[in-house]
Amino acid sequence: MSLAPVKERLKELIKLLPPDLASRLYKAFEKYEYVPATEKERTDLMEEVVACTIQAVTRAFRESVLSEGEATDMTVELNDLAIDLAEEWYHYGVVERLEKIVEDAVETLNRNPKYVEWVVRQWEAVKSLFKPE
Amino acid sequence: MSIEEARSELRDLMERVPPHLVSLIELADQLLNEFYVSSEKRKTLVTLIQTVIIRALLEALQSLAIDIRDFGQKQMGLYRATFRYSSDIIKYANLDALCGWLSNIFVMLSNNSAYMRWVRKQWMIAEKAVKMISSR
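Residues numbered from 1 in each chain as written. Chains lettered and ligands numbered in written order. Predicted model: local features only at pLDDT ≥ 70, side-chain atom pairs only at ≥ 80, totals over all residues.

(A) Quick peek at the overall build of chain B. Summing up its helical and strand segments, chain B has 6 helices and 0 strands in all. Helices (α) and strands (β) of chain B occur, in sequence order from the N terminus, as α-α-α-α-α-α. Taken against the 2.2 N^0.38 rule, which gives 14 Å for 136 residues, the C-alpha radius of gyration of chain B at 15 Å falls within 12% of a compact globule. Across its three principal directions, the C-alpha atoms of chain B cover 45 × 40 × 20 Å. When the 136 residues of chain B are sorted by exposure, 34% land in the buried category. Contacts in chain B between residues far apart in sequence, at least 24 positions, make up 66% of those at least 6 positions apart. (Helix = DSSP H or I, 4+ residues; strand = E, 2+ residues; numbered from the N terminus. Rg over C-alpha atoms; globule rule 2.2 N^0.38 Å. Buried ≥ 20, exposed ≤ 12 C-beta atoms within 10 Å, placed from the backbone. Contact = placed C-beta atoms within 7 Å.)

Put into structure tokens, the structure is as follows:
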């Protein structure tokens, strides 16, 4: 089965991650056009979604963008949604599960305006580096 | 496996988090009494314990006791352990799974010496504060 629907959702998620983490996640998906054949590959792919989103939240906490309570709640929520949906993806490669995880991660990160502003600032800083003189 | 054995695992875990988070572990201890009541209660218990661990790790990160890489490793360890055990705990009220999960988290936290030094220091500070107040 094609990974195209997940890659569509992924575009929304990478906008909500700091540029380096966005690039890391994009690269992880770039390897596959179709659902990965082995459970190990599917697990790795899913864990990249978990690791990149949670690392973004942790970084926002470390830079005092998010309070400890906000970072804790977002981390537990990202953890939980991946746990709830991962089994069928890991074992049977049900692509809708991965799609839902990406969609829910977008929702979780989008809910906090301070976090979103912080990410947008980072993207603007990167874009300014590539602005033509 | 009995509720008392699960309680003992929780008590072990208590020493692996800073003292001010102990009240949350005590709350988890109370929730243990309702382990067989409903899956919602068990889900609350799992979420509460995850919250305690994430808070402890974020505080250790903020105090520079661990770095973001350490945090990431521990957090993924928590994710993997929770994935492995949570379905048995929540859906099937399996106490063995709960104990397995708690002991897995215990080992994961104990394995990081920088984190453990930081926790011990928190406990020593709290103990000194208690002594100071008691001697007044």
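Additional details are given in the paragraphs that follow.
(B) Fine view of the nonpolar core. The biggest cluster of nonpolar side chains holds 70 residues, and the ones touching the most others in it are A:Leu17, A:Met46, A:Val49 and A:Ala82. Excluding residues that lie within four positions of it along the chain, A:Ala82 makes contacts with A:Met46, A:Val49, A:Val50, A:Ile101 and B:Tyr79. (Core = buried A, V, L, I, M, F, W, Y, C linked by C-beta atoms within 7 Å.)

(C) Representation of the environment of B:Met116 within the structure. Residues and elements named next belong to chain B. Inspection of the secondary structure puts Met116 in helix α6 (residues 113-135). For Met116, a count of 16 C-beta atoms within 10 Å translates into the label partly exposed. Separated by 50 residues in the primary sequence, Met116 and Ile66 place their C-alpha atoms 9.9 Å from one another.

(D) Summary view of helix α3 (residues 39-62) of chain B. With 24 residues, α3(B) extends 34 Å from end C-alpha to end C-alpha; this agrees with the ideal 34 Å at 1.5 Å per step. Phi for B:Leu64, located one or two positions after α3(B), is positive at around 65 degrees. (Expected span 1.5 Å × (residues − 1).)

(E) Here's a closer look at the interface of chain B and chain A. Every contact between the two is made by 17 residues of chain B and, on the other side, 19 residues of chain A. Contributions of two or more residues to the side of chain B that touches chain A are made by α3 and α4 (68-90) of chain B. Counting residues per element, the side of chain B that touches chain A draws most heavily on α4(B), which supplies 9 residues. Among the residues forming the side of chain B that touches chain A, the class breakdown is 8 nonpolar, 7 polar and 2 charged. (Nonpolar A, V, L, I, M, F, W, Y, C, P; charged D, E, K, R; others polar.)

(F) Molecular detail of unusual backbone geometry. All names here are of chain B. Positioned with a positive phi, Leu64 is a non-glycine residue whose angle comes to about 65 degrees. Positionally, Leu64 belongs in the loop between α3 and α4. The phi angle at Ala93 is positive, at roughly 50 degrees, despite the residue not being glycine. Locating Ala93 in the fold gives a position in the loop between α4 and α5 (95-110). In this structure Ala93 comes out as partly exposed when scored by C-beta crowding, with 16 C-beta atoms within 10 Å.

Scope: geometric values only; no functional claims are made or implied.
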